[in-house]
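So you can see what is in the structure, the chains are spelled out below.
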Amino acid sequence: MTILSSGTPALDVILARLPAGLREHLARARDKAVELAAMHGADPFKAGLAALSHDIARNMKGPDLLKMAKSYGLTPHPVEERVMVLLHGRVGAEILQRECGIDDRDVLEAVRWHSTFNRGLGSVAKIAFLADKLDHKKVSRYPFLERIERLAKDDLDVAVLSFLQEEMTAMMRDGKLIHPASIDGRNELLELQKSI
Ligand SMILES: [Fe+2]
Ligand SMILES: [Fe+2]
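1. A word on helix α10 (residues 156–173)
Stage number 1. Counted at 1.5 Å a residue, the expected span for α10 with its 18 residues is 26 Å, and the 26 Å between its end C-alpha atoms agrees.
Stage number 2. Among all positions in α10, only Leu-156, Ala-159, Val-160, Leu-161, Phe-163 and Leu-164 are buried.
Stage number 3. Those residues of α10 that are buried lie in contact with α2 (20–40), α8 (123–133), α9 (145–154) and α11 (180–195).

2. Structural notes on unusual backbone geometry
Glycine aside, the phi torsion of most residues is negative, and most peptide linkages are trans.
Stage number 1. If you check the backbone angles, Phe-117 has positive phi at about 70 degrees while not being a glycine.
Stage number 2. Along the chain, the position of Phe-117 falls in the loop between α7 (105–112) and α8.

3. As for the nonpolar core
Stage number 1. Of all hydrophobic cores here, the largest spans 48 residues; its most connected members are Ala-33, Ala-47, Ala-50, Ile-127, Ala-128, Leu-130 and Val-160.
Stage number 2. Elements with a minimum of two residues in this core: α2, α3 (44–53), α4 (62–71), α6 (88–100), α7, α8, α10 and α11.
Stage number 3. Look past the residues within four positions of Ala-33 in its chain and what remains in contact with it is Ala-47, Gly-48, Ala-50, Ala-51, Ile-127, Ala-128 and Ala-131.

4. Some points on the packing of α9 against α10
Two quantities define a packed helix pair, namely the angle between the axes and the distance from one axis to the other.
Stage number 1. At a closest axis distance of 6 Å, the pairing of α9 and α10 adopts a crossing angle of 155 degrees. With respect to each other, α9 and α10 are oriented roughly antiparallel. Where α9 abuts α10, its residues Ile-148, Leu-151, Ala-152 and Asp-154 lie against Leu-156, Val-158, Ala-159, Ser-162 and Phe-163.
Stage number 2. Along the lines of polarity and charge, the residues of the contact of α9 with α10 split into 7 nonpolar, 1 polar and 1 charged.

5. Observations concerning α8
Stage number 1. Burial runs high along α8: 10 of the 11 residues are buried.
Stage number 2. Of all the residues in α8, the buried ones are Val-124, Ala-125, Lys-126, Ile-127, Ala-128, Phe-129, Leu-130, Ala-131, Asp-132 and Lys-133.
Stage number 3. Buried residues along α8 sit in contact with α2, α3, α7, α9 and α10.

Rules used throughout
Residues numbered from 1 in each chain as written. Chains lettered and ligands numbered in written order. Predicted model: local features only at pLDDT ≥ 70, side-chain atom pairs only at ≥ 80, totals over all residues. Helix = DSSP H or I, 4+ residues; strand = E, 2+ residues; numbered from the N terminus. Expected span 1.5 Å × (residues − 1). Buried ≥ 20, exposed ≤ 12 C-beta atoms within 10 Å, placed from the backbone. Contact = placed C-beta atoms within 7 Å. Core = buried A, V, L, I, M, F, W, Y, C linked by C-beta atoms within 7 Å. Axes fitted to C-alpha atoms, helices over the stretch in contact; angles between N-to-C directions. Parallel < 35°, antiparallel > 145°, perpendicular 65-115°, else oblique. Nonpolar A, V, L, I, M, F, W, Y, C, P; charged D, E, K, R; others polar.

Right, dumping it as structure tokens:
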């Protein structure tokens, strides 16, 4: 059994209630986030905490996520109303802030947008996004992970952009809805690459 300790008792209680497979994913994501933070001069505590807590709402059912988002005063985007699982980052960030007393903006934005990404995110959020995706158990879902992992060692932006391009191409091919935050995030990274 993977025992996760965040240093915040209320969060530890929530983590302990998660299914074993999810706890193991969070432990792997935390380790990867700390490793990436060290490589890129980011705060390892914030990156580790964001990655450790990014999926605290992941095991909630879609309709419950929607209900909870509304009870927190969030306005779900029409895409989130159709693909309710996309709300687990926004709802998770609210739980972290309201129930665990975590107020760090970098950690909260990292959890909020770990699923879709978004524009205007800092390095902690980029690291948490990549640490979630670079879980080796996701190789069958994302066959291009090894390449993203190599890119992530050199440049977080290039790695995130490359991941988004791959994922969005596959989603368009499969006729899936794409969250506008992903499009905004990709556009920003693309502009950044062009301006270098
Ligand atoms: Fe997630
Ligand atoms: Fe995750």
